[in-house]
Amino acid sequence: MLVSATALLGATLGTVSGVLTLCGLSLLCKSCKKGKLERGDETDPEKAKPSILHTLTQFSVQKCTEPIQPQASLKFPQIYRPKPSVTSQEVVNYKEHGAANDTSAAELDTCNQATEREEVFSLPRQVSTDETPCTSEQTGAMTTSSSILYPKLHFSISLHKENGELHISIVEAENISVEAGCEGYISGCVSISEEQKHAHTAVHKLAAHVQWGEELVFALPMEGTEDTDSLDGEVALSLHCCDRFSHNSTLGTMRFKLADISMMLDADCWVDLQPPKQEVASSAGELLLSLSYLPAANRLGVVVMKARGLHSDKLKDNIDLSVKLTLKHQNAKLKKKQTRRVKHKMNPVWNEMMMLELPSELLAKSSVELEVLNLASPGTLLPLGRCMLGLHTSGTGLQHWKQMLDNPRKQIAMWHPLYT
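Residues numbered from 1 in each chain as written. Predicted model: local features only at pLDDT ≥ 70, side-chain atom pairs only at ≥ 80, totals over all residues. Heavy atoms only, no water.

### A look at the overall build of the chain
1) Next: In terms of regular secondary structure, the chain is built from 3 helices and 20 strands.
2) Next: The buried share of the chain, taken over its 420 residues, is 38%.
3) Next: Put simply, 66% of the contacts in the chain that link residues at least 6 apart link residues at least 24 apart.
4) Next: Counting every atom, the chain has about 26,600 Å² of accessible surface; 53% of that belongs to carbon and sulfur. (Helix = DSSP H or I, 4+ residues; strand = E, 2+ residues; numbered from the N terminus. Buried < 20%, exposed > 50% of the residue type's maximum accessible area, 1.4 Å probe, protein only. Contact = heavy atoms within 4.5 Å. Areas by Shrake-Rupley, 256 points an atom, 1.4 Å probe, with all protein chains shown as cover.)

Right under this line is the structure:
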């Protein structure tokens with residue numbers, strides 16, 4: 001009896017504890033669900049119930065479908081591309097010849113075409129007392145054709161009618177730009193009909209300023225004439241340079257008529273000596289070149305484009321053409337470059353750019369020589385013709401160089417005759 005009562009009490013207690021456990025679990029589940037609902041209401045402001053922490057103020061939000069266009073505070077700079085400066089009939093359109101006219105200045109600095117042979121010479125160092133050598137671009141030190149100084153000659157003229165003599169007193173010369181150690185003299189030539197009479201001064205060492213103080217005397221046919229107005233003739237005065245190899249070159253010439261002597265008598269005359277004209281010679285063809293100068297980078301760009309009209313006896317056996325470029329400062333060679341070879345074409349096309357480092361202060365005394373060569377046999381290069389570009393040249397070479405100086409950062413193309 002005691003055992004059955006104990007068993008019944010244990011079963012009752014077990015049942016009660018199980019019921020209480022189930023009730024606790026159900027209450028715990030309900031509380032968890034209630035907490036989740038409250039957190040959801042707090043994250044969603046539209047479903048949140050008003051309370052002490054929530055105000056009853058409502059906000060109305062209107063949606064707009066029109067796009068908003070922001071205004072730019074900075075404008076992107078416009079890029080101007082170089083165009084050729086057409087100033088004469090000989091200047092051609094650079095775009096028609098397949099050249100890179102749209103190339104920017106930065107691309108011109110880096111896209112130097114590979115050449116087959118390149119020789120570099122030392123550049124003479126320029127001694128400057130300026131503490132800020134990098135300000136040449138800002139101070140306008142760029143050489144232009146209007147700032148070129150040609151040699152000037154100071155002379156006077158007197159006429160001795162009783163002796164029939166013309167006396168030309170050579171006083172001095174200035175603005176002479178030659179290599180150190182050169183010598184020179186002044187020559188005079190009087191041309192009357194088909195007769196020419198020559199005279200010259202003594203040889204002096206050339207510098208920027210040279211004093212002569214000598215007279216050139218010429219006999220004139222004054223018989224039957226009272227003055228020189230009726231004389232038909234011409235007087236030419238030239239400045240010549242002699243280098244250490246006894247090679248004479250003309251630095252400048254001026255001319256005037258004998259009929260104009262009466263206006264120049266007993267007067268101090270200062271005259272600019274003009275560069276000598278290109279000697280008349282048969283052209284061996286033409287070469288198309290393009291020039292540009294970048295003052296900020298001190299770079300001279302020469303584009304060897306193409307040639308036409310090449311005729312020579314040296315083209316009979318083999319045609320293998322190239323162009324050699326030589327950069328000179330006065331008589332010193334600074335750099336050499338050569339294009340690739342083009343075979344079996346009488347009108348070859350190269351379209352190669354050569355970039356040369358050249359400071360702006362050396363432009364006035366520098367020149368570029370280009371020579372067309374034919375590889376007749378292995379190791380044998382025969383010259384067909386050449387042309388010169390610079391301020392001390394004449395013809396198209398002088399005109400092209402002046403246009404390059406007057407139009408920096410622009411590509412200017414021009415045909416040049418080739419002379420043997």
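### As for the nonpolar core
1) Next: Core analysis: the largest hydrophobic core is formed by 36 residues, its most contacted members being Leu287, Leu300, Val304, Trp350, Leu370, Trp401 and Met404.
2) Next: For this core, the elements supplying multiple residues, two or more each, are strand S12 (283-294), strand S13 (299-308), strand S14 (320-329), strand S17 (349-357), strand S18 (366-377), strand S19 (380-390) and helix H3 (396-406).
3) Next: The next biggest cluster of nonpolar side chains, apart from the first, holds 34 residues, and it includes Leu153, Ile168, Ala173 and Cys182. (Core = buried A, V, L, I, M, F, W, Y, C linked by side-chain atoms within 4.5 Å.)

### Regarding the pattern of salt bridges
1) Next: Considering all chains together, one arrives at 8 salt bridges under this definition.
2) Next: In this structure, Glu369 and Arg386 form a salt bridge, with 2.6 Å as the shortest nitrogen-oxygen distance. Here Glu369 is found in strand S18, whereas its partner Arg386 is found in strand S19, with 17 residues between them in sequence.
3) Next: Bridged by salt links that share partners, the residues Lys324, Lys328, Glu369, Glu371 and Arg386 form one connected network. (Salt bridge = Lys/Arg side-chain N within 4 Å of Asp/Glu carboxyl O.)

### Here we look at the pairing of strand S4 (residues 165-174)
1) Next: The buried fraction of S4 amounts to 7 of the 10 residues, a majority that puts the element mostly inside the structure.
2) Next: Pairing of strand S3 (residues 152-160) with S4 involves 9 bridges; the strand directions are antiparallel. Counterpart to Lys152 in the pairing with S4 is Glu174.
3) Next: Between S3 and the antiparallel strand that follows it, S4, lie 4 residues; Gly164 among them carries a positive phi value of about 65°.
4) Next: For S4 and strand S8 (residues 209-219), the ladder comprises 9 bridges, and the chain directions are antiparallel. Looking across to S8, one finds that Ala173 is bridged to Val210. (Pairing = 2+ DSSP bridges.)

### Side note on the sheet that holds S3
The strands making up a sheet associate through hydrogen bonds between their backbones, and the pairing can be parallel or antiparallel.
1) Next: A sheet is described by the order of its strands in space; here 4 strands give the open sequence S8-S4-S3-S11, paired in antiparallel fashion. The outermost strands of the open sheet, each flanked by one partner alone, are S8 and strand S11 (269-272). Along the sheet, successive strands turn relative to each other by an average axial angle of 25°, direction set aside. (Axes fitted to C-alpha atoms, helices over the stretch in contact; angles between N-to-C directions.)

### Notes on the environment of Ser360
1) Next: Locating Ser360 in the fold gives a position in the loop between S17 and S18.
2) Next: C-alpha of Ser360 to C-alpha of Leu300: the two residues are 60 residues apart in sequence and 9.5 Å apart in space.

### Quick notes on the packing of aromatic side chains
1) Next: The tally for this structure, following the rule as stated, stands at 1 aromatic pair.
2) Next: Consider the rings of Phe155 and Phe256, whose centres lie 6.4 Å apart with planes at 10°: the pair is stacked. Separated by 101 residues along the polypeptide, Phe155 in strand S3 and Phe256 in strand S10 (residues 248-257) bring together distant segments of the chain.
3) Next: Take Phe155: its relative accessible area is 0%, and that puts it in the buried class.
4) Next: Judged by its relative accessible area of 8%, Phe256 falls in the buried class.
5) Next: Lying across the ring of Trp415, Arg308 places its NZ or CZ 3.8 Å from the centre. (Phe/Tyr/Trp six-rings, centres within 6.5 Å; stacked < 30°, edge-to-face > 60°. Lys NZ or Arg CZ within 6 Å of the ring centre and 35° of its normal.)

### Examining the side chain of Glu371
1) Next: Looking at the secondary structure, you find Glu371 in strand S18.
2) Next: You can call Glu371 buried: its relative accessible area is 9%.
3) Next: Reaching out from Glu371, the side chain makes a polar contact with the side chain of Arg386 at a distance of 2.8 Å.
4) Next: Excluding residues that lie within four positions of it along the chain, Glu371 makes contacts with Ser322, Val323, Lys324, Pro383, Gly385 and Arg386. (Polar contact = N/O pair within 3.5 Å; in protein donor to acceptor, adjacent residues only side chain to side chain.)

### Points about the pairing of strand S6 (residues 195-200)
1) Next: Pairing of strand S5 (residues 183-192) with S6, which is carried by 6 bridges, proceeds in the antiparallel orientation. Looking across to S6, one finds that Ile192 is bridged to Glu195.
2) Next: In textbook terms, the turn of a hairpin is the stretch between consecutive antiparallel strands, and for S5 and S6 this stretch comprises 2 residues, one of which, Ser193, has a positive phi near 55°.

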